[in-house]
Amino acid sequence: MDALRQSKRSGVCAALDMMMPVWILLSTVSGLKAEDDGMEELATEKEAEESHRQDSVNLLTFILLLTLTILTIWLFKHRRVRFLHETGLAMIYGLLVGVILRYGIPATSYHNKTPPSCSLKEGPASTLLLNVSGKFFEYTLKGEINSREIHNVEQNDMLRKVTFDPEVFFNILLPPIIFHAGYSLKKRHFFRNLGSIITYAFLGTAISCFVIGNLMYGVVKLMQVVGQLTDKFYYTDCLFFGAVISATDPVTVLAIFNELHADGDLYALLFGESVMNDAVAIVLSSSIVAYQPSGTNTHMFDASAFFKSVGVFLGIFSGSFVMGAATGVVTALISFFDFTKLHCFPLLETALFFLMSWSTFLLAEACGFTGVVAVLFCGITQAHYTYNNLSEESTKRTKQLFEVLHFLAENFIFSYMGLALFTFQNHIFSPIFIIGAFIAIFIGRAFNIYPLSFLLNLGRRHKIKGNFQHMMMFAGLRGAMAFALAIRDTATYARQMMFTTTLLIVFFTVWVFGGGTTAMLSWLHISKTKQESAWLFRLWYTFDHNYLKPILTHSGPPLTSTLPSYCGPLASCLTSPQAYENHEQLRDHDSDLIRNDSDLTYTFGDTAITANGASGSALSTSCGQSVQSFRDKTKWRYGSRQEGEGSERL
């Protein structure tokens, strides 16, 4: 029995001796595997930390650009320098930083092997899932790399990091710019010239789009003949370029108009056209993209597809308009009702106003409409109704908030334009296309301004004079909207060429035309002139002042005084108590727009001339002022009330 136990013990020991090397080997392998996993995690953490640091440097670069721009603007304003606007200055600084990033930083290559090749029937996938030794890894498509710079992957990665996603422009930077345009709209001059503005914005933009598109199609055919066209460029691409480049942005001209107090009607025509035609251009470009003829050749003219695109244009624009106006009305009603008590909490009131305004853009985009149109008309509605319901502190906060956001977003975009000229990796510079585009935009602008001005003058009491038309022709600058539309899609050869050309056009118009605005105003002898009220606005004002404002705000006459007597109970229900209290105190600023001939007085030199032909010497005024002081203070007058900055509020 003892011998049996001894033999079993010796067998177990032998087995243990045989298994010991295997255990040691397994433990060593597992230790090495754990060490490899630890090294891999450490490398991943270091890569994430380095990426975070690089992102911080990139954002810091843009903040420093804006800071430098603001400081230089202050210097220019202090020295009264007008030959260069802040947007042009921001582009110059962006160009300098772009040159440094592109050529000042040496490119180091760690990718020395030839990349594997494969053929795809369709475009590259946005994500790639690989099985590497039993582990699954997901790779995200960053974009195409120029074949000449295939080994400069590290530099390419840095340039890609300073290249923002185009959706950032549309969803973050554009909304405050467009909303501020509607919210700060000077209704006095805008509605007085509403018919002319709509004509230039809708009909003029469509004319410009088709003129430029057809001219550029001829340029493309010329490029094809001389062998300068290396890929496909269709007629619809030319029309799309015409829609993109028809979006004007005379921000430089308008800023100088404000400083020089140029003619109010000319300012309204330029500003109103630029605001409205941005909305028209983006809807028009969407309609052209939606143009899909039936059959094998999808780029030839097809009547059914054309009318379908027209229907898409009308549907998108009208739907966006209704959505923006409805959001503004909802915000006005929320701030109107007393039970909300929002006016007691200005911070919450301002925050709700901000979120409702921004959500209009995103809601329209989510529903398939155009956020630019929606947020523009939301801003106009907010300024007309919601503004009157806000507390005094909230009115100041909202105005200053959107003014700051507009300033920062606009200068950021122009800084990025300068940067993108060197950091964008797929530029296609075609001299024939670029020269043809410059010629086409001038011809398209001329076909927009001069024929439509002739037609409008047939029905206007006070004509759009020739020098005004020349100034409008000169002021057709391109800017943020054209850039944002062009950069949104750069996947094809045609779109890349369009983007490069759009950048150069923006640079040229902002620097040359923007810088020459003061000289052009002086050369054309443009000053303040007599103004008129549009008959269309007279009808709208009566309806709005008597019915809409009493319902949506606490201002305006009570409904009990405007509705028929048999509507007394309904009028009492819809009219707020504050309307009765404020009826004698509040004055509707839009009433300044309604002028009779006897109310118009223009002071020139020492003589005051009324619309009925009467005149008198300004020296006989009973104010007891000196002649020079009187000349400095003479302005258009409505009755006995002098127009000032207070009447030009939102």
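Residues numbered from 1 in each chain as written. Predicted model: local features only at pLDDT ≥ 70, side-chain atom pairs only at ≥ 80, totals over all residues. Heavy atoms only, no water.

- Under an unreviewed UniProt entry, the name given to the protein chain is Sodium/hydrogen exchanger, and the source organism is Lates calcarifer.

## Description of the overall build of the protein chain
Piece 1. Of regular secondary structure, the protein chain possesses 23 helices and seven strands.
Piece 2. Burial statistics for the protein chain: of 650 residues in total, 47% are counted as buried.
Piece 3. Relative to all contacts within the protein chain whose residues are 6 or more apart in sequence, the contacts with residues 24 or more apart total 80%.
Piece 4. Surface accessibility of the protein chain: about 33400 Å² in total, with carbon and sulfur atoms responsible for 65%. (Helix = DSSP H or I, 4+ residues; strand = E, 2+ residues; numbered from the N terminus. Buried < 20%, exposed > 50% of the residue type's maximum accessible area, 1.4 Å probe, protein only. Contact = heavy atoms within 4.5 Å. Areas by Shrake-Rupley, 256 points an atom, 1.4 Å probe, with all protein chains shown as cover.)

## A short note on the pattern of salt bridges
Piece 1. In this structure the tally under the stated criterion is six salt bridges.
Piece 2. Between Glu 392 and Lys 396 there is a salt bridge, with the nearest N and O atoms lying 4.0 Å from each other. With Glu 392 and Lys 396 both in helix H13 (residues 392–423), this residue pair falls four residues apart, about one helical turn.
Piece 3. The exposure class assigned to Glu 392 is exposed, which follows from its relative accessible area of 60%. (Salt bridge = Lys/Arg side-chain N within 4 Å of Asp/Glu carboxyl O.)

## A word on the pairing of strand S2 (residues 135–140)
Look at any regular strand and the pattern is simple: side chains alternate between the two faces of the sheet.
Piece 1. Counting buried residues in S2 gives zero out of six residues, a small share hidden from the surface.
Piece 2. Strand direction decides the pairing type here: strand S1 (residues 127–132) and S2, joined by six bridges, are antiparallel. Residue Thr 127 lies in a different strand from S2, and its bridge partner there is Thr 140.
Piece 3. Counted between consecutive antiparallel strands, the loop separating S1 from S2 contains two residues, among which Ser 133 sits at a positive phi close to 55°. (Pairing = 2+ DSSP bridges.)

## Considering the packing of helix H6 (residues 194–226) against helix H7 (residues 235–245)
Piece 1. Viewed as axis vectors pointing N to C, H6 and H7 meet at an angle of 135°, and their least axial separation amounts to 7 Å. With respect to each other, H6 and H7 are oriented oblique. For the pair H6 and H7, the sense of crossing is right-handed. Every residue of H7 that contacts H6 at Cys 209, Phe 210, Ile 212, Gly 213, Asn 214, Met 216, Tyr 217 and Val 220 is listed here: Tyr 235, Cys 238, Leu 239, Phe 241, Gly 242, Ala 243 and Ile 245.
Piece 2. Its residues assigned to classes, the contact of H6 with H7 shows twelve nonpolar, three polar and no charged. (Axes fitted to C-alpha atoms, helices over the stretch in contact; angles between N-to-C directions. Parallel < 35°, antiparallel > 145°, perpendicular 65-115°, else oblique. Left-handed = near helix turned anticlockwise from the far one by under 90°. Nonpolar A, V, L, I, M, F, W, Y, C, P; charged D, E, K, R; others polar.)

## A closer look at helix H9 (residues 264–289)
Piece 1. Taking 1.5 Å of rise per residue, 26 residues should cover 38 Å, and H9 covers 37 Å from first to last C-alpha, within 8% of that figure.
Piece 2. In the structure, H9 departs most strongly from a straight axis at Asn 277, where the bend amounts to approximately 25°.
Piece 3. With 24 of 26 residues buried, H9 is to be regarded as a mostly interior element. (Expected span 1.5 Å × (residues − 1). Bend = angle between axes of the 7 residues up to and from the residue.)

## Observations concerning helix H4 (residues 166–183)
Count 3.6 residues to each turn of an α-helix, and residues three or four apart come out pointing the same way.
Piece 1. In this model, H4 (18 residues) spans 25 Å end to end at C-alpha, consistent with the 26 Å of a helix rising 1.5 Å per residue.
Piece 2. At Leu 174, H4 shows its maximal kink, close to 50°; a proline, Pro 175, follows between one and four residues later.
Piece 3. Of all 18 residues in H4, 14 are buried, a share of seventy percent or more.

## Looking at the packing of helix H11 (residues 346–366) against helix H12 (residues 371–389)
Piece 1. One way to put it is that H11 packs onto H12 with a least axis distance of 8 Å and a crossing angle of 155°. By the angle class used here, H11 and H12 are roughly antiparallel. In the packing of H11 onto H12, the handedness of the crossing is right-handed. On H12, the residues touching Glu 349, Phe 353, Ser 357, Thr 360, Phe 361, Ala 364 and Glu 365 of H11 are Gly 371, Val 372, Ala 374, Val 375, Cys 378, Gln 382, Thr 386 and Asn 389.
Piece 2. Among the residues making up the contact of H11 with H12, the classes are represented as seven nonpolar, six polar and two charged.

## Overview of the packing of aromatic side chains
Piece 1. Following the criterion strictly, the structure yields 27 aromatic pairs and no others.
Piece 2. With a centroid separation of 6.2 Å and an interplanar angle of 70°, the aromatic rings of Phe 353 and Phe 402 are classed as edge-to-face. Remark: Phe 402 occurs in helix H13 and Phe 353 occurs in helix H11; sequence separation between them is 49 residues. Phe 402 shares its class with Phe 353; the two are buried. (Phe/Tyr/Trp six-rings, centres within 6.5 Å; stacked < 30°, edge-to-face > 60°.)

## Quick word on the environment of Phe 402
Piece 1. Exposure remark for Phe 402: the relative accessible area of 3% places this residue in the buried category.
Piece 2. Not counting the four nearest positions on each side in its chain, Phe 402 is found in contact with Phe 179, His 180, Phe 353, Phe 354 and Ser 357.

## Description of the confidence of the model for the protein chain
Piece 1. With 69% of its residues at a pLDDT of at least 70, the protein chain reaches an overall mean of 75.
Piece 2. For the protein chain, the element scoring lowest by mean pLDDT is strand S6 (residues 637–638), at 36; helix H14 (residues 431–457) scores highest, at 94.
Piece 3. Note that pLDDT drops below 50 for residues 529–533; the model gives that stretch 26 contacts with residues more than four away or on any other chain. (pLDDT = per-residue confidence, 0-100.)

## Brief notes about a nonpolar patch on the surface
Piece 1. A cluster of nonpolar residues, Phe 210, Phe 306, Phe 307, Val 310 and Leu 314, forms a patch on the protein surface that exposes about 470 Å² of accessible area.
Piece 2. Of all the elements, helix H10 (residues 303–336) adds the most residues to the nonpolar patch, at four residues.
Piece 3. Examined against the element boundaries, Phe 210 turns out to sit in helix H6.
Piece 4. A relative accessible area of 37% means that Phe 210 is categorised as partly exposed. (Patch = residues over 30% accessible without salt bridge, like charges linked within 9 Å, V, L, I, M, F, W, Y side chains within 5 Å.)

## Structural notes on the environment of Thr 248
Piece 1. Within the secondary structure, Thr 248 sits in the loop between H7 and helix H8 (251–260).
Piece 2. C-alpha separation for the pair Thr 248 and Met 276, spaced 28 residues apart in sequence, amounts to 9.6 Å.
Piece 3. With near-sequence residues (within four places) excluded, Thr 248 lies in contact with Ser 274, Asn 277, Asp 278, Arg 445, Gly 476, Leu 477 and Arg 478.
Piece 4. In this structure the side chain of Thr 248 is engaged in a polar contact, spanning 3.4 Å, whose partner is the side chain of Asn 277. (Polar contact = N/O pair within 3.5 Å; in protein donor to acceptor, adjacent residues only side chain to side chain.)

## Considerations on the side chain of Thr 386
Piece 1. Mapped onto the elements, Thr 386 comes out in helix H12.
Piece 2. Classification of Thr 386 by relative accessible area gives buried; the value is 0%.
Piece 3. One polar contact links the side chain of Thr 386 to the main-chain amide nitrogen of Ala 332, over a distance of 3.3 Å.
Piece 4. Apart from residues lying up to four places away in sequence, Thr 386 is in contact with Gly 328, Thr 331, Ala 332, Ser 335, Phe 353 and Thr 381.

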